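Chains, contacts and geometry: an overview
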Protein chains: 2
Amino acid sequence: MAVNYKALTEATAVEYVKKNLDIFSEEAALQCKEIGDGNLNLVFRVWEEASEKSIILKQALPYARIVGEAMPVTLERARIESEALMLQGELCPNLTPKVYRFDRDLYLIVMEDLSDHIILRKGLIEGNEYPNFAENIGVFMAYTLFFTSDLGMDQMKKKQMQKKFINPELCKITEDLVFSEPYFDAAGNKIEPHLLDRVRKNWNNQELIKEVAILKEGFMTKAQALIHGDLHTGSVFVTEESTKVIDPEFAFYGPMGFDIGAIIGNFILNYIAQAAHMEEDQQKLESYRSYLLKSIKKIWKEFYKNFMELWEDNVTAPMESNLLYKQVYMRNLFEDTLGYAGCKMIRRIYGLAHVADIDNIKELEQRKKAQLLALDIGEILVLQRKEIKNIDEVVDRIKAFN
Amino acid sequence: MAVNYKALTEATAVEYVKKNLDIFSEEAALQCKEIGDGNLNLVFRVWEEASEKSIILKQALPYARIVGEAMPVTLERARIESEALMLQGELCPNLTPKVYRFDRDLYLIVMEDLSDHIILRKGLIEGNEYPNFAENIGVFMAYTLFFTSDLGMDQMKKKQMQKKFINPELCKITEDLVFSEPYFDAAGNKIEPHLLDRVRKNWNNQELIKEVAILKEGFMTKAQALIHGDLHTGSVFVTEESTKVIDPEFAFYGPMGFDIGAIIGNFILNYIAQAAHMEEDQQKLESYRSYLLKSIKKIWKEFYKNFMELWEDNVTAPMESNLLYKQVYMRNLFEDTLGYAGCKMIRRIYGLAHVADIDNIKELEQRKKAQLLALDIGEILVLQRKEIKNIDEVVDRIKAFN
């Protein structure tokens, strides 16, 4: 840990802002509140009532808050997060929070306050529609993935980038929680008793374990692009108009499909959960589910369209302009997307970290039904990703479970 | 370049040894000769007649010798080579030269003198048999690849290793010379006029270009293990009993099949060339070709056997112990091996750097025949790698061209 590191408090956060930043006037009356709900970071909102100006200070803690100092987590993740945010900000300035400063001693990122936004997961659980989101996230993924890959940047510079974003500790968390632990009787799994029989089937499903092992290997070895690494609906701030992707502390050079799959998998989880949340209003349910399924299609299609346009406009090398190669590349990316979406769904049902969409279903039978459906769809996406023709077929298969 | 860097001469090399190493006695009468025949390095042999002791000093030059200072090449490759040699030496002490010292200022490796060995390529061209080689190289590849992969080492440490071995400049050389330039009319290609029609077919073969693009992408993104990166028959010193793998300056985290394919592809090139070299003695030709084909089979089979034993003995994680996963893993590795072997063969016929096995064939018709055969077999390995069942079928297909 850096010698000068010290965890901020609400009081010292204000002092820090006064001393180091010229965002507020010198005589500004600053207020501060710690608003972090995560495990690994302190998040301070600092604001001035009079000018209505506000900023966020996000500081990495050297341990996981939930278990205290017993579980140390590298502070380096704050450097990785700030560098990823700045890079994503260059590529997609409207889709990322502005970064004002990164303090290497305090592992502290000073950035734009997005308090007028809400977390997408929360918005989806509440049943809100975000008409721009699918297009925005498609653009975000196309630009950030393309321009950090061998297709969109100098191949030697890409390797230097890859070096800067080697991220062993946070990759290890994903390797364990997403890929390994759900497939054996690991201590970290949180299995509701009514799921135990179904979960045991996964532990004994050699075909499923093989396919997840292949996807895990891809996560650990396929250095395709600088991926966000944790792009679920909890890592996106939205309003009806605006989309801001946050929290890229898991960023590293990995398989593109892991990002796309994360967002699609989490949309499917919300789709499954709505049957219970909107049970009382079938008309609303039908319309919202239709919105979610359209979003899933659009996320992939917007990504695809933008990525292919970038490829067309930016790649002149004869080999990488080969049409047949493009087709194979995009097909592999689609299969990765489905596979990772499936892994993400399964682990959210009985791994260490669940999602509110499902866990919020109070009634046991309804929750169980949603959980089992999520496990079935997750398994289909993993096992049948090579057979599924396109994103329309994914949506058709989900619909067929009604 | 380091401030203290200075290219050695025969005289200053002796001074260096006297001053810095205690291998020889103080009053030793040292002799020195520069014996490098490569493009990028100075190689000094320093020896004492009386004690029969000798060592090698290999110093990286900051430019390619063949074109002078116009083409700078990073000195960092000497660090990478020395670190790879030491690592390979720990894993396979009998199959690598001993490293006595690496001098970071001079980019100088002091190592064991292997003057009693000859370069395998030379030995094969001369028609010598090396009864231990196939087994030795199979063991070398199994141990160095397994124990630097996610299977054989801690996954977090592996990522730190990957960082140390990011090797942009030397990877770029391979990306250009092996994968890109042979597939369009690049200035660097060295195409004999009689091959031009055949080469043009490659430039127009969209299916071939697609498959090579996929293999190139694998080379650039598949961080499976610390590979040697240039494991052709010119990177191995042999005697009848002994095998020493040298020159890992291209080492980086890449696809394992690139190493296995390099050695197999170069054995096939020698096999093809012998029809001309041994034309006058058909009996010797038949026997030597049989030795070469047996070696090809044995290289793969020894690698496979040792790798699987290491897997069995060292992996306890339930997911990576899955039998179906092992089968897929080894099948993918086999297909990569064939694909990279094919790419290596093709580029050696009309890319920038040829091989003596083929270029030494003086008679034009014979040389042309060998060149065309190498291009055909290379293409088959690339295009049909997913259909070819096993290494025995590879050998059968090669034989069928007689």
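These numbers were taken from a predicted model, which means no experiment stands behind them. (Residues numbered from 1 in each chain as written. Chains lettered and ligands numbered in written order. Predicted model: local features only at pLDDT ≥ 70, side-chain atom pairs only at ≥ 80, totals over all residues. Heavy atoms only, no water.)

**Some thoughts on the relation of the copies chain B and chain A**
Laying chain B over chain A is done by rotating through 180 degrees and shifting 0.0 Å along the axis; what remains is an RMSD of 0.0 Å. Such a combination of rotation and displacement between the chain copies is what one expects of a two-fold axis. Same-surface contact between copies: 100% of interface residues of chain B are shared with the interface of chain A. (Least-squares fit on C-alpha atoms with pLDDT ≥ 70 in both. Contact = heavy atoms within 4.5 Å.)

**Structural notes on the packing of aromatic side chains**
The final tally for this structure, using the stated rule, is 42 aromatic pairs over all chains. Taking 6.1 Å as the distance between ring centres and 40 degrees as the angle between the ring planes, the aromatic pair formed by F179 of chain A and F258 of chain A counts as tilted. Pair noted here: F179 of chain A is in helix α6 (residues 168-180) and F258 of chain A is in helix α9 (residues 256-277), with a separation of 79 residues, a long-range link. Neither F179 of chain A nor F258 of chain A differs from the other in exposure class; each is buried. Between W300 of chain B and Y304 of chain B the ring centres are 6.1 Å apart and the planes differ by 45 degrees, which places this aromatic pair in the tilted class. Remark: Y304 of chain B and W300 of chain B occur in helix α10 (residues 282-314); sequence separation between them is four residues, near one turn of the helix. W300 of chain B gets classed as buried once you look at its relative accessible area, which sits at 7%. Positioned above the aromatic ring of Y271 of chain A, the side-chain terminus of R289 of chain A is 4.1 Å from the ring centre. (Phe/Tyr/Trp six-rings, centres within 6.5 Å; stacked < 30°, edge-to-face > 60°. Helix = DSSP H or I, 4+ residues; strand = E, 2+ residues; numbered from the N terminus. Buried < 20%, exposed > 50% of the residue type's maximum accessible area, 1.4 Å probe, protein only. Lys NZ or Arg CZ within 6 Å of the ring centre and 35° of its normal.)

**Remarks on the sheet that holds strand β2 (residues 41-48) of chain B**
All names here are of chain B. Across the sheet, which stays open at both edges, the five strands sit in the order β1-β2-β3-β5-β4 with antiparallel pairing between neighbours. The two strands at the open ends of the sheet, each matched to only one other strand, are β1 (30-34) and β4 (99-103). With strand direction ignored, the average angle separating the axes of adjacent strands in the sheet is 20 degrees. Looking at chain direction, β1 and β2 are connected through five bridges and run antiparallel. Residue Q31 lies in a different strand from β2, and its bridge partner there is W47. Against the sheet, helix α1 (residues 10-20) engages β1, β2, β3 (53-60), β4 and β5 (108-112), with an angle of about 135 degrees to β1. (Pairing = 2+ DSSP bridges. Axes fitted to C-alpha atoms, helices over the stretch in contact; angles between N-to-C directions.)

**Some words on unusual backbone geometry**
Residues and elements named next belong to chain A. Residue E52 is not a glycine yet carries a positive backbone phi of 60 degrees. Of note, E52 is situated in the loop between β2 (41-48) and β3 (53-60). A positive phi angle, close to 60 degrees, is found at D247, a residue other than glycine. Locating D247 in the fold gives a position in the loop between β9 (243-245) and β10 (252-254). Assessed through its relative accessible area of 23%, D247 is described here as partly exposed.

**Overview of the environment of I268 of chain A**
Mapped onto the elements of the fold, I268 of chain A is located in helix α9. Its relative accessible area of 1% is what places I268 of chain A among the buried residues.

**Focus on the domain arrangement of chain A**
Residues and elements named next belong to chain A. Taken as a whole, chain A is organised into domain 1 (10-112) and domain 2 (118-400). Between the C-alpha centres of domain 1 and domain 2 the distance comes to 27 Å. Taken together, the contact between domain 1 and domain 2 spans 21 residues of the former and 24 residues of the latter. Where domain 1 touches domain 2, the interface holds three salt bridges. (Domains from an automatic or database assignment. Salt bridge = Lys/Arg side-chain N within 4 Å of Asp/Glu carboxyl O.)

**Points about the UniProt feature "binding site: substrate" (unreviewed entry) in chain A**
Residues and elements named next belong to chain A. UniProt's entry tags D230 and R347 with the feature "binding site: substrate" (unreviewed entry), counted in the numbering of this structure. These annotated residues cover 118 residues of sequence, and their C-alpha atoms all fall within 13.4 Å of one another, placing them together at a single site. With respect to the helices, strands and loops of the structure, D230 is situated in the loop between β7 (225-227) and β8 (236-238). Those residues within four positions of D230 in sequence are excluded, and the remaining contacts are S235, F250, D259 and K344. Looking at R347, the relative accessible area reads 7%, which means it is buried. (UniProt positions renumbered as here; feature names shortened; annotations may be inferred.)

**Remarks on the sheet that holds β3 of chain A**
Sheets are built from strands paired through backbone hydrogen bonds, the pairs being either parallel or antiparallel. Residues and elements named next belong to chain A. One open sheet holds the five strands; their spatial order is β1-β2-β3-β5-β4, and the pairing between them is antiparallel. Every interior strand has two partners, whereas the edge strands, β1 (30-34) and β4 (99-103), have only one. Neighbour-to-neighbour, the strand axes of this sheet turn through a mean angle of 20 degrees, independent of strand direction. Looking at chain direction, β2 and β3 are connected through eight bridges and run antiparallel. Within β3, the position partnered with E48 by the bridge is K53. Where helix α1 (residues 10-20) meets the sheet, its contacts fall on β1, β2, β3, β4 and β5 (108-112), and the angle it forms with β1 comes to roughly 135 degrees.

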